[in-house]
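For reference, the chains in residue letters:
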Amino acid sequence: MGTAWFAVCGVFFVFFQIATAEESPCVPGFESEPLIFKVNRKQLRPGTRLGKVAFTDCTHHKRFLFSTDDSRFVLQTDGLLTVKREVVLHEGHWDFFIHSWDSQGQKLTVPAMVLYHGHRHGNDDLNTEHHHDSHTSNSHNHDQTQMDSVTTEDAADPQIPILDFPKSSQGLKRRKRDWVIPPLSVSENHRGPFPHFIAPIRSDEDKTKTIYYSITGPGADQPPVGLFTMDRVTGNLYVTQELDREKQEKYVLEAHAVALGSTGPVEKPMEVIVHVIDQNDNKPVFNQSSYVAEVPEASPRGVEVIQVGATDADDPKTDNGIIRYHIVSQQPEEPSESMFIINPVTGVIRVNAAGLDREKFPQYKLRVQAADMEGEGLTGYTDVIIKVTDSNDHAPAFTEPSYAATVEENKADAEVVRMLVTDGDEPHSAAWNAKFKIIDGDPGKLFTVKTSETNKQEGIITTAKGLDFEKTSKHTLLVMVENEIPFAISLPTSTITVVVTVKDVNEPPIFEPETNTVSKKENLAEGSTVVRYTASDPDTARKQKVMYKVISDPAGWFNVDENTGEIKLRSQMDRESPLIKDDKYTALIGAYDDDQLPATGTGTLIVVLEDVNDNPPIIEEREIKVCNKNPDSLLLTVTDKDGPGFTSPYSVSLLDSAKANWIARMNSTKTGIILTMNRELESGTYNVGMNVFDNQGLFQANTVTVTVCDCSGTDVKCLEERIAGSKLPVIMGILGGILLLLMLVLLLLLLAKRKKPEKEPFLLQDDFRDDIFYYDEEGGGEDDQDYDLGVLHRGLDNRPEVFRNDVAPVFMPAPVYKPRPANPDDIGNFIDDNLKAADNDPTAPPYDSLLVFDYEGGGSEAGSLSSLNSSSDGDQDYDCLNDWGPRFKKLADMYGGDDTL
C-alpha cells in the first residue's frame, strides 16, 4: 500500500512539474535587474571580487560571454565580477552596465551598481552583498550573498564556450530576431605556437551524421587569405599568425556545416566575429618634438603657460591608450625645483610657485613624460622651453618737470609739444611702451595726445580743433603716462603740467547767417536792393573795419556796397537762365577787414527767383514737309520757358497771309497745334505765320516753313528725294553732265588767264580808274618780297582837298573814371566799370578821322568792272536749267523762257 501511494505521489509530482513548466516558460536574461554589489570600503583594490552575476540563456550552458562598458571591472565566463583597476567610490557608488548574449545571439544588458554602505566585517576582508531582483512573479525579495575578496590570480581559468549553430525555438519560446553569435576575442601580437586554437564550432546534427565544417570571409578564403582556418572534422577555429589591432580590429567570418553525402548544408551559415584584443604595443608620441612658451615674470601661482599633448595608437578605451603626463626634470631648479606643475590628464602646464625673475632666470627647460597605462606603461618624452618675459614692474617717468608751448588760434591738428619719458623695463616691450592721457585742463576736448609712431616713449599733443584767443588765451593741461599693459605691482603714476599759450591772429569776418536765402521776382528793376548781407569781425580787440565785395557772381547780376554790405541789382535777372538750378541763383559775397594783411570771410547768397510771365510760347518745329494731295494733319509742339501758371493752355491764330491756305487749331490738351492744309497747293516752300498765346495772353509770332511736295498721303517725297532714289543710269548721266560743265569752266579760266595785261605802276598820275586788286597774297614777309610800303601813305597825298582830323574833339563832356582800388580783390570790378566808361567816351582814341578807301591805284591785271557786261550772244539756250530740279528754277526763270520778256 505504501508503495502504491508513493507511485501515485510520484506521478502527481511529475504532472505538477509539467504543468508548472508549461505555465512558466523560460525567458533568457539576467536573474535580477538591477545588479547591486554592496561594499564596506570606498577604495577597491585590483583583484577584489564583488560577486557573481546570474544569467541563463534557457539552454544547458553554464558559462557565458560577459562584457562591461567600464574597463575598471572584468567578468569571467562563470559570472564572477572582479575589480581590474583601482576604484575609489568618492560619491559612495559606481554605476556601469553588464552585457551578455542569449542562444539566439540577442544582446542583453543590465545596469549594475557598486554601493558603499560603510559596514565592515573583520580587518582584512572586504564584504560585499549581491542583490538580485527576480524576474518571476513569485520572487519579490533581494537575495544577498556575502563573499571575501580574492585576486584574479586565484580564480580558475575561464572555459572556452562551444558555439552551436542556431536552432528555431519550439513551444512557447519565440525567436525575436535573426541569430547573431557572440563575438570571439583573440589577443594581438600572440607569439604562438601557431595555429592557435580560438573556439570550437559544432552542429547538433553531428550526433546522427558525419559533419564537415568550413569558414569563409576576409581572413579565410578572402584577403588576407589563410589568416583563420577550421578543422574540417572537429570544427575547431584557429588563427595561423599573430594579429595587429592597429591594422584591423575585428574579422567577420561565416561558418558552414555540411553532411557527408549531402548535396546541401545541414545548417544555415553562421556569422562568427573575431575581435582583436588590444595589447600595449605602442608608446605615446608627443604632437611636437619640443615646445616653446612664454610667461611673464612675477606671475602668480596658477597662471597657465602652455598645453602639451601626446597620442597613443593603442585602443583609447583601454588602459593601453590612456595617457598621463609628468614633469621629469626642471632646469634650473631655482628658486624652487617645482616652479611649474602639469595636469596629468590634460597636459596643461601652470606656474606652481612665485619667484619668476627675468633678470635672474630668463629661461627654464622642462623634460615632460607621457606614459600610457594611466602613467604606468610605455613612455614618450618632449622638451618644453619656457622663456620668462619682462613684466611691468617699472613705471614710466617724464624727463622734464613741465612743458610750455605756443600755438596760433584757429589751427586744427597743429602740433603743440612733444614729451619724452623713460622706463626701466625691457625696451620695445609692452611694459616699456608709453601711453599718454590728458586727465585735467581740457573740458572742451580741444587737445589730443598720442604716442609717436617712431618713438614709443614720446608723447605728442596736438589741437583737436581750432583754439579761440578771444575766449581763452591760455590752457593748463595735466598729462599722465602709463604703459600699454597694467603694472605688475603697485607703482606710482607719473604726471606733468603743460601750459599752452594761444597766439592771436587776424581772423576773417563772419557772416551771419553763413548762407542767406532771399526770394525776389525775376523782373526786379535794375538798381533795386536785393538784401543787406553783413558780417562781424571776431577780432573784437583790434577794432577793425569790415568791407564787402562780390567774390562769385556767374551772371554778373549784383553789386555790393563796400561799406554797408547792401547788395543791389546790377542787371536784369532771368529765371530761365542756364545758371539757375531749381529756381535758385547762388552768389558768393566776401567780407574783409582793413588789417595790413586783410583776412576775408565768405557768405553764400541764394536768391530764389519768382517767375514772371516774360517768355512767350514758341513752336519747336520750324521746318516741315507735307504732301499736297491727301495730306495728313501736322502736330506742332509748343513750349514756354516760364514756369507753371504762365504756360498752357495755349491758343493760336493764323496771320492773315496764311489763312487762305492753312487751318491751325489746338489739340485736346491745349499743348500742341494741329496744322492742316486748307486746299491742294502747288509744290514749293510756304511760310506759315501764326501767333501763339499762353494762358496770360502773352504771345509771339512764329513762322513755320512748310515744304509742299508733289506726292500723296503721309509718304512725303519731294523731287530731289526722287532723283536721289532713281536708277543707276540716270544718276550716272547727271554726274556726267556736271563733270562736263566743270571742265568747260576750267577751260574758260585758262583762256582768261592768258589774256591778262601786264601790271602797271601803282598810282599813275593820270590814271584814276577803279581797279580790282588781290588782297589774299600774304607772301613770305616784307624782307623777301618786292612790295612798296609807301603806297599805304599815298591815299591822302593824292587827295589834297581832304583834311584829316587826328585830334580829340572839343566841347564834349568826358565820363568819370574810377581810381585804382587799394584792395587787389577789387581789380575785376575796376576793369569792368572803366571799360564801360571808355566804350561811351567820345574823347577817347582812336578819334574819328576821314580816310580814303576808294582808290586802289592803276595797272590791275583784271579789266575794269565796267567791262563786265551781259553777253551779246543771244543764241545761248538756258532751257536745260528746267531739267536740273527746283534748285535751278530761279535761274531758269531769269534766263529762260520767252525772248520777248
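Only a predicted model underlies this, so the values are computations on that prediction, with no experimental measurement involved. (Residues numbered from 1 in each chain as written. Predicted model: local features only at pLDDT ≥ 70, side-chain atom pairs only at ≥ 80, totals over all residues. Heavy atoms only, no water.)

Here's the deal with the overall build of the chain
Along the chain, the regular secondary structure elements total 7 helices and 55 strands. Looking at the chain as a whole, 34% of its 901 residues qualify as buried. Put simply, of all contacts in the chain between residues at least 6 apart along the chain, 66% involve residues at least 24 apart. (Helix = DSSP H or I, 4+ residues; strand = E, 2+ residues; numbered from the N terminus. Buried < 20%, exposed > 50% of the residue type's maximum accessible area, 1.4 Å probe, protein only. Contact = heavy atoms within 4.5 Å.)

Notes on the sheet that holds strand β47 (residues 600–610)
Strand pairing in a sheet relies on backbone hydrogen bonds. The paired strands run either parallel or antiparallel. Pairing is mixed across the open sheet formed by 4 strands, whose spatial order is β40-β47-β46-β43. Whereas interior strands pair on both sides, the edge strands pair on one side only; in this sheet they are β40 (515–521) and β43 (546–552). Each neighbouring strand pair of the sheet contributes to a mean axis angle of 30°, computed without reference to strand direction. Relative to β47, β40 is paired through 7 bridges, and the arrangement is parallel. Bridge pairing in β47 links K520 to L609. (Pairing = 2+ DSSP bridges. Axes fitted to C-alpha atoms, helices over the stretch in contact; angles between N-to-C directions.)

A word on the sheet that holds strand β26 (residues 324–331)
On the basis of which strands lie adjacent, the open sheet formed by 4 strands has the order β23-β30-β29-β26 and mixed pairing. The open sheet is flanked by β23 (290–296) and β26, the only strands paired with a single partner. Sheet twist, expressed as the mean angle between neighbouring strand axes with direction ignored, is 30°. Two elements, strand β29 (residues 363–371) and strand β30 (residues 379–389), share 9 bridges in a ladder whose sense is antiparallel. Each residue of the ladder has a partner; that of L366, found in β30, is V384.

Concerning the state of the cysteines
Evaluation of the coordinates by the stated rule reveals 3 disulfides. Two residues, C26 and C58, share a disulfide whose sulfurs are 1.8 Å apart. Residues C26 and C58 are joined by a disulfide whose S-S torsion is about -90°; by sign, that bridge is left-handed. Here the residue C26 occupies a position in the loop between α1 (2–23) and β1 (29–30), and C58 occupies one in the loop between β5 (55–56) and β6 (67–68), the gap between them amounting to 32 residues. (Disulfide = S-S within 2.5 Å.)

Focus: the nonpolar core
With 25 residues, the main nonpolar core has V308, F340, I349, V368 and V384 as its most contacted residues. Listing elements by their share of this core, those giving two or more residues are β23, β24 (304–307), β26, β27 (340–342), β28 (348–351), β29 and β30. When residues in this core are grouped by element, the largest group, 4 residues, is from β29. When residues no more than four places from it in sequence are discounted, the contact partners of I349 are V303, E304, V305, I306, V308, F340, I341, I342, L366, V368 and V384. (Core = buried A, V, L, I, M, F, W, Y, C linked by side-chain atoms within 4.5 Å.)

Quick word on the packing of aromatic side chains
Counted by the stated rule, this structure contains 16 aromatic pairs. Pairing F55 with F64 gives two aromatic rings, centres 5.0 Å apart and planes at 80°, and the pair type is edge-to-face. Taken individually, F55 and F64 each receive the classification buried, so the pair is uniform in this respect. Ring geometry for F228 and Y251: centres 5.2 Å apart, planes at 65°, overall edge-to-face. With F228 in strand β18 (residues 228–230) and Y251 in strand β20 (residues 250–259), this residue pair connects regions lying 23 residues apart in the sequence. (Phe/Tyr/Trp six-rings, centres within 6.5 Å; stacked < 30°, edge-to-face > 60°.)

Topic: unusual backbone geometry
The linkage connecting G192 with the following residue, P193, adopts the cis geometry, with an omega of 5°. Relative to the assigned elements, P193 resides in the loop between β15 (184–187) and β16 (196–202). With an omega of 0°, the peptide bond running from E512 to P513 counts as cis. One non-glycine residue, H428, lies in the positive phi region at around 65°. Here H428 shows up in the loop between β33 (415–422) and β34 (434–440). Of note, the phi angle at D583 is positive, near 65°, even though the residue is not glycine. Position of D583 among the secondary structure elements: in the loop between β45 (566–569) and β46 (584–593).

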